[in-house]
Amino acid sequence: MRIEIVEGDITRRDVDAIVNAANSSLLGGGGVDGAIHRAAGPELLEACRELRRVRLPGGLPVGAAVATPGFQLAARWIIHTVGPNWHAGERDPGLLASCFAESLAVAQDLGAESVAFPAISAGIYGWDRREVASIAVSTVHTAAPGSVEVVEFVLFGPEMARAFRSALREVG
Ligand code: AR6
């Protein structure tokens, strides 16, 4: 599996699947979640409401992942995951690792060959960017091989990109 670091807007990536840093409600929010809902169009919210009604009445647990179509995105699928919220005392690195591992497992099940991840929990949820970078890169680096050939980390800002490049150097 090849790992690439990209600075930019994840909604614009032409990959098979993009990962959304959602919340348990799956009904939208700010940050990358808001950007993905705006770019994918209103059908995404409908699909999320349907998921909640049929499969996830209690919401999506922290560390779990679930897919919807990409609707108006170039990406065919959106994989929604819920990062731990540092501000709410959710500080177990295993929960954050689970977001990356479970999202990748969903991508493999779908047969995706390319997947783009944002810096889950590094925005509104308040985790330190170096810790997110280290957990993200090491989790993807040690994942079992499958259909996914390329994993992109698509990041806002040079500092976040630097943190991920540094984490990649450490595993490489
Ligand atoms: N492309 C790539 N990265 C982005 C984009 C984008 N279009 N927009 C923001 N980021 P956040 P979280 C970066 O807050 O910390 C939502 O309200 C951002 O700069 O989106 O997991 C959800 O509904 C940061 O580096 O996600 C939840 O309630 C990173 O993406 C909550 O926020 C993640 O920031 C989740 O918080």
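In this text the structure is predicted, and so the values were computed from the model without any measurement.

Attention now goes to the site of the ligand. In the neighbourhood of the ligand, 23 residues make up the surrounding shell, with Asn23, Gly30, Val32, Asp33 and Ile124 lying closest. Measuring from an oxygen atom of the ligand, one finds a backbone N or O atom of valine 32 at 2.8 Å. Serine 121 places a main-chain nitrogen or oxygen 2.8 Å from an oxygen atom of the ligand. Relative to its unbound accessible surface of 700 Å², the ligand loses 89% to contact with the protein. Looking at the shell around the ligand, the elements that each hand over two or more residues are β2 (17–22) and α1 (31–40). In terms of residues, the shell around the ligand owes the most to one element, α1, which gives four residues. Across the shell around the ligand, the residue classes tally to 13 nonpolar, eight polar and two charged.

For soluble globular proteins, nonpolar side chains are generally found buried alongside one another. If you look at the biggest cluster of nonpolar residues, it comprises 35 residues, and the most contacted ones within it are Phe117, Phe153, Leu155 and Phe164. Elements that contribute at least two residues to this core include exactly β1 (2–7), β2, β4 (77–82), α3 (93–110), β5 (114–117), α4 (129–141), β6 (150–155) and α5 (158–171). Those residues in contact with leucine 155 that lie beyond four places of it in its chain are Ile5, Val6, Glu7, Gly8, Ala119, Met160, Ala161 and Phe164. If you look at the next biggest cluster of nonpolar residues, it comprises 20 residues, including Val15, Ala22, Leu26 and Ala75.

What follows covers the sheet that holds β5. With mixed pairing, the six strands of this open sheet are ordered in space as β1-β6-β5-β2-β4-β3. Looking along the sheet, the strands with just one partner apiece sit at the ends: β1 and β3 (65–69). Averaged over all pairs of adjacent strands, the angle between strand axes in this sheet comes to 25°, irrespective of strand direction. Sheet contacts for helix α2 (residues 42–54): β3 and β4; angle to β3, the most-contacted strand, approximately 135°. Relative to the sheet, α3 contacts β2, β3, β4, β5 and β6, its axis offset from that of β4 by approximately 155°.

On to the pattern of salt bridges. In the structure shown here, the tally under the stated rule is six salt bridges. For the salt bridge of glutamate 159 with arginine 129, the shortest nitrogen-to-oxygen distance reads 3.4 Å. Of the two residues, glutamate 159 sits in helix α5 while arginine 129 sits in helix α4, which places them 30 residues apart along the sequence. What makes glutamate 159 partly exposed here is its relative accessible area of 44%.

This part is about the confidence of the model for the protein chain. Here the protein chain averages 98 in pLDDT, and 100% of its residues register 70 or above. Across the interface, the model reports ipTM at 0.99; the global pTM reads 0.98.

The final tally for this structure, using the stated rule, is zero disulfides. With no disulfide of its own, cysteine 99 has cysteine 48 as its nearest cysteine by sulfur position, at a separation of 16 Å. What makes cysteine 99 buried here is its relative accessible area of 0%.

Here we take up the side chain of glutamate 152. Structurally, the position occupied by glutamate 152 is in strand β6. Residue classification places glutamate 152 among the buried residues on the basis of a relative accessible area of 8%. A distance of 2.9 Å separates a polar atom in the side chain of glutamate 152 from a polar atom in the side chain of arginine 13. Excluding residues that lie within four positions of it along the chain, glutamate 152 makes contacts with Glu4, Val6, Arg13, Val15, Val115, Ala116 and Phe117.

This part is about unusual backbone geometry. Although it is not a glycine, leucine 26 sits at a positive phi angle of roughly 60°. For leucine 26, the location among the structural elements is in the loop between β2 and α1. Phi at phenylalanine 71 takes a positive value of approximately 50°, unusual for a residue other than glycine. Mapping phenylalanine 71 onto the fold places it in the loop between β3 and β4. Overall, the relative accessible area of 29% leaves phenylalanine 71 in the partly exposed class.

The rules behind these values
- Residues numbered from 1 in each chain as written.
- Predicted model: local features only at pLDDT ≥ 70, side-chain atom pairs only at ≥ 80, totals over all residues.
- Heavy atoms only, no water.
- Near = heavy atom within 4 Å.
- Polar contact = N/O pair within 3.5 Å; in protein donor to acceptor, adjacent residues only side chain to side chain.
- Areas by Shrake-Rupley, 256 points an atom, 1.4 Å probe, with all protein chains shown as cover.
- Helix = DSSP H or I, 4+ residues; strand = E, 2+ residues; numbered from the N terminus.
- Nonpolar A, V, L, I, M, F, W, Y, C, P; charged D, E, K, R; others polar.
- Core = buried A, V, L, I, M, F, W, Y, C linked by side-chain atoms within 4.5 Å.
- Buried < 20%, exposed > 50% of the residue type's maximum accessible area, 1.4 Å probe, protein only.
- Contact = heavy atoms within 4.5 Å.
- Pairing = 2+ DSSP bridges.
- Axes fitted to C-alpha atoms, helices over the stretch in contact; angles between N-to-C directions.
- Salt bridge = Lys/Arg side-chain N within 4 Å of Asp/Glu carboxyl O.
- pLDDT = per-residue confidence, 0-100.
- Disulfide = S-S within 2.5 Å.

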